[in-house]
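Inside the fold
In case you want the letters, here they are:
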Amino acid sequence: MDRTILIIEDEQNINDILKFSLEKEGYKTLSAFDGVRGLEMALSENPDLILLDVMLPCLYGFEVCKKVRESSQIPIIMLTAREDEVDKIIGLELGADDYITKPYSMRELTARVKANLRRSAVPIIPKAEPEGQRNIVFGDLLINVERYEVSKGGEVIDITLREFELLKFLAMQPGKIFSREKLLENVWGYEYYGDVRTVDVTIRRLREKIEDDPSMPKYIITKRGVGYYFNN
Ligand code: CA
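Since the model is a prediction, treat every value here as computed from it, not as a measurement.

A look at the pairing of strand S2 (residues 28-32)
Two strands pair when backbone bridges link them, and strand S1 (residues 4-8) and S2 are joined in this way by five bridges, in the parallel orientation. Its bridge partner being in S2, leucine 6 is matched across the sheet by leucine 30. Between the parallel elements S1 and S2, the chain passes through helix H1 (residues 12-24) in a crossover that is right-handed.

Below, the structure is given as structure tokens:
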């Protein structure tokens, strides 16, 4: 199956290099050179993944990301030139799945693309099987493994695939502490490349959704200096 990657990057030579490298790996590509056109293509062309530069003419990458997220859970990898942009991506909680700081090697980039596509390839179509067979229940929280669904107090929570995978991973082994590196490896599928802050961001988003008081979490607990665990 051909996967299509939308490259939103205004620098012609970088866009070309990305296009070349990804097509060599067997992907189809689409290129946009400003934010407005990029957003249009993201919504109309139905790509499988978006590479999104932060500094773009017309519409900033942050805005493009936010707008795409309003209607789509497609994986988005943000391309940033500076460390302070990384802080912004984390701080704004735009819903980007990942980010990569320039300069990056093409090997690193294609590894990230592969990992993000792999995660999103998990079928989300609910199976026509009796319910309740693979439910994980903790207090008012119900994780339906078959349906990729989480509900709290009977209300279904709007959750991304990655948040779901992370929650499921932790909840299936309650009480066990995982380092951020271990979580990256198991939930994101990176062996070497991931930035552990990605884990913190996703944990923070999850807490906003499942905890009564995200600042005093009762489900996902931080073990200072070690990592995270699910409280049973
Ligand atoms: Ca740029």
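What about the coordination of the calcium ion?
Within the protein, Asp10 (OD), Asp53 (OD) and Met55 (O) serve as the donor atoms for the calcium ion, at 2.1 to 2.3 Å. Mapped onto the polypeptide sequence, the residues donating to the calcium ion form the spacing pattern D-x42-D-x1-M. With aspartate 10 in the loop between S1 and H1 and methionine 55 in the loop between strand S3 (49-53) and helix H3 (61-69), the pair connects residues that are 45 residues apart, well separated along the chain. Its relative accessible area of 37% is what places methionine 55 among the partly exposed residues.

Points about the nonpolar core
One recurring pattern in soluble globular proteins is that nonpolar side chains are buried together. In terms of nonpolar packing, the biggest core is built from 30 residues, with Val150, Leu167, Ile210, Ile220 and Phe230 touching the most fellow members. When contributions to this core are tallied by element, the ones reaching two or more residues are strand S6 (135-138), strand S7 (141-144), helix H6 (161-171), helix H7 (180-188), helix H8 (197-210) and strand S11 (227-230). At seven residues, the largest contribution of residues to this core is made by H6. Membership of the second largest hydrophobic core comes to 23 residues, among which are Leu39, Ile50, Leu52 and Val64.

Description of the sheet that holds S6
An order of S6-S7-S8-S9 is seen for the four strands of this open sheet, with the pairing classed as antiparallel. Each having just a single partner strand, S6 and strand S9 (155-156) make up the two edges of the open sheet. Direction of pairing for S7 relative to strand S8 (residues 149-152): antiparallel, over a ladder of four bridges. Bridging from a neighbouring strand, isoleucine 143 pairs with valine 150 of S8. Sheet contacts for H6: S6, S7 and S8; angle to S7, the most-contacted strand, approximately 105°.

Side note on the confidence of the model for the protein
Put simply, the protein has an average pLDDT of 85, and 89% of its residues get 70 or more. Under a pLDDT of 50 for its full length, residues 123-132 has, in the predicted model, six contacts with residues more than four places off or in other chains.

Some points on H3
An α-helix turns once per 3.6 residues; consequently, residues spaced three or four apart project the same way. The complete set of buried residues in H3 reads Gly61, Phe62, Val64, Cys65, Val68 and Arg69. Buried residues of H3, seen end-on, are gathered within an arc of 165° and therefore sit on one face of the element.

Quick notes on unusual backbone geometry
Of note, the amide linkage connecting lysine 102 to proline 103 takes the cis form, showing an omega dihedral of -5°. Mapping proline 103 onto the fold places it in the loop between strand S5 (98-101) and helix H5 (106-120). Despite not being glycine, asparagine 46 has its phi angle at roughly 55°, a positive value. A residue is classified by how much of its surface remains accessible, and asparagine 46, at 65% relative accessible area, is exposed. Positive phi, close to 50°, is recorded for tyrosine 148, a residue that is not glycine. By the element assignment, tyrosine 148 lies in the loop between S7 and S8.

What to know about the pairing of strand S10 (residues 220-223)
On a regular strand, each side chain points to the face opposite its neighbour's, so the side chains alternate between the two faces of the sheet. Sheet topology note: the S10/S11 ladder contains four bridges and is antiparallel. Counted as the bridge partner of isoleucine 221 is tyrosine 229 from S11. Taking the residues between adjacent antiparallel strands as the criterion, S10 and S11 are bridged by three residues, where glycine 225 takes a positive phi near 80°.

Here is what the cut-offs are and how they apply
Residues numbered from 1 in each chain as written. Predicted model: local features only at pLDDT ≥ 70, side-chain atom pairs only at ≥ 80, totals over all residues. Heavy atoms only, no water. Pairing = 2+ DSSP bridges. Helix = DSSP H or I, 4+ residues; strand = E, 2+ residues; numbered from the N terminus. Right-handed = clockwise from strand over helix to strand, strands pointing away. Donors = N, O, S within 2.8 Å, 3.2 Å for Na, K, Ca; no water. Buried < 20%, exposed > 50% of the residue type's maximum accessible area, 1.4 Å probe, protein only. Core = buried A, V, L, I, M, F, W, Y, C linked by side-chain atoms within 4.5 Å. Contact = heavy atoms within 4.5 Å. Axes fitted to C-alpha atoms, helices over the stretch in contact; angles between N-to-C directions. pLDDT = per-residue confidence, 0-100. Arc of directions from axis to C-beta.

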